[in-house]
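Single-letter residue listing:
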Amino acid sequence: MRPSCGILVPGGWRATVLWAISPVVAQSFGGGLDHHRRSVHMARMIIAIDGPAASGKGTLGKRLAHHYGYRHLDTGVIYRAVAKALLDRGFDLTDEARAVAIAMELDPENFGHPELKSQRIGDAASVVSAIPRVREALVNFQRQFAADPPGAVLDGRDIGTVICPNADVKIFVVADPQVRAHRRTLEALARGEAADEAMVLADILKRDERDKNRAAAPLKAAEDAHILDNSNLDVEASVSAAIAIVEAVRAAR
Ligand code: DC
């Protein structure tokens, strides 16, 4: 049983969410306390990672959190959870009142649901996340997550621009759409889903357009973000490049 206190925080999220999210966080560390002890000890930092769909920001977020002994939040999963709840109840994805109500009552215990990773829910999340009031309902939870010790890595679309404009390090991850489509296809196949690479590419391009061109918190690099193009990097090289960015920022302080 997880601790539960049910204190309301502005934006509708209960304080319990920070406890309830712990399995996700533990998963992000990929190994619990031993990893904590082995991890690099350093002052609290907030690391913001943004980028388009399938750019590898989630993997980078997890790995950076593990490296520094920080907590990790994949913010895309929050929008995916809102979208899934709407679809499950047969509501329209553009039904603002219902989407906001769901966003205020989200249960982070459901953030690990395997269906959240599907292409269908990702597309739906892209639609729901364009509703400004849905985004507003989720801001405080994300900021509180970022502020809590020992430090945090958040990945998403607007972390460096809106959620944590004062983040210590901002990384904007990019990769060629074809490379991203190839990665997404392999991931879907590995989950046992059918995936056609050309269709995945078309979907990624459509999602990029929607995420970049929406009025509320569009996908864009913060002015002080470090651009990391991982089109030609494997995971390890990409993680090393991200750590090098963080270390360069720390050294320059
Ligand atoms: O990162 P992802 O593919 O899980 O995100 C799914 C959708 O959620 C994405 O298309 C846009 C939206 N999203 C957002 O608007 N802001 C975030 N911080 C994270 C995700």
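A.B. asks: Is there a simple way to explain the overall build of the chain in this structure?
C.D. replies: The secondary structure content of the chain amounts to 12 helices and five strands. For the chain, buried positions account for 49% of its 253 residues. A sequence separation of at least 24 residues applies to 77% of the contacts in the chain between residues at least 6 apart. Surface exposure of the chain reaches about 11,900 Å², of which carbon and sulfur atoms provide 55%.

A.B. asks: Got a minute to help me understand the sheet that holds strand 4 (residues 169-174) in this structure?
C.D. replies: Each strand in a sheet pairs with its neighbour through backbone hydrogen bonds, running either in the same direction (parallel) or in the opposite one (antiparallel). Taking strand neighbours across the sheet as the criterion, the five strands line up as 2-3-1-4-5 in an open arrangement whose pairing is parallel. Whereas interior strands pair on both sides, the edge strands pair on one side only; in this sheet they are strand 2 (71-74) and strand 5 (226-229). Here the average twist between neighbouring strands, direction ignored, is 20 degrees. Inspection of the sheet shows strand 1 (residues 46-50) paired to strand 4 by four bridges, in the parallel sense. Residue pairing for strand 4: I47 is matched across the bridge by V169.

A.B. asks: I keep staring at the packing of helix 5 (residues 76-88) against helix 7 (residues 119-128) and nothing clicks. Help me out?
C.D. replies: How two helices pack is summed up by the angle between their axes together with the distance between the axes. Axis separation between helix 5 and helix 7 bottoms out at 8 Å; the angle between their running directions is 100 degrees. Taken together, the axes of helix 5 and helix 7 are roughly perpendicular relative to one another. Across the interface between the two elements, Y79, R80, V82, A83, K84, L86 and L87 of helix 5 pack against R120, I121, G122, A124, A125 and V128 of helix 7.

A.B. asks: Would you mind going over unusual backbone geometry with me for this structure?
C.D. replies: Most peptide bonds take the trans configuration, and most residues that are not glycine carry a negative phi. P149 connects to P150 through a cis peptide bond whose omega is 10 degrees. Tracing the chain through its elements places P150 in the loop between helix 8 (132-147) and strand 3 (152-156). A positive phi angle, close to 60 degrees, is found at A54, a residue other than glycine. If you trace the backbone, A54 turns up in the loop between strand 1 and helix 4 (57-68). One non-glycine residue with positive phi stands out, namely A217, at about 45 degrees. As for its placement among the helices and strands, A217 is situated in the loop between helix 11 (197-213) and strand 5. Classification of A217 by relative accessible area gives buried; the value is 15%.

A.B. asks: Is there a simple way to explain the pattern of salt bridges in this structure?
C.D. replies: It is possible for side chains bearing opposite charge to pair when their charged atoms get close. What the rule picks out here adds up to 15 salt bridges. For E236, the salt bridge is made with R63, and the minimal N-O distance between the two is 2.9 Å. Residue E236 is found in helix 12 (residues 235-251), and its partner R63 is found in helix 4; the two are separated by 173 residues along the sequence. By relative accessible area, which is 28% here, R63 ends up partly exposed. Taken together, the salt bridges that share partners define one network made up of R157, D211 and R214.

So, how was this worked out
- Residue indices begin from 1 for each chain and proceed along its sequence in written order.
- Under the rules for a predicted model, residues below a pLDDT of 70 receive no local features and side-chain atom pairs below 80 are neither given nor counted, while totals for whole chains, interfaces and linings still include all residues.
- Water and hydrogen atoms play no part in the side-chain values, which are based on all heavy atoms of the structure.
- Strands here mean DSSP runs of E at least two residues long; helices mean DSSP runs of H or I at least four residues long; both are numbered from the N terminus.
- Whether a residue is buried, partly exposed or exposed follows from its accessible area with a 1.4 Å probe, protein chains only, as a fraction of its type maximum: under 20%, in between, or over 50%, in that order.
- In what follows, residue pairs with any heavy atoms lying within 4.5 Å of each other are defined as contacts.
- Here, Shrake-Rupley sampling with a 1.4 Å probe gives the accessible areas, and only protein chains in the shown set may cover a residue.
- A pair of strands counts as paired when DSSP detects no fewer than two bridges linking them.
- Axis lines are fitted to C-alpha atoms, over the contacting stretch for helices. Their N-to-C directions set the angle, which ranges from 0 to 180 degrees.
- Should an angle fall under 35 degrees it is taken as roughly parallel, and over 145 as roughly antiparallel, whereas 65 to 115 is taken as roughly perpendicular and any remaining angle as oblique.
- The salt bridge definition used is simple: a Lys or Arg side-chain nitrogen within 4 Å of an Asp or Glu carboxyl oxygen.

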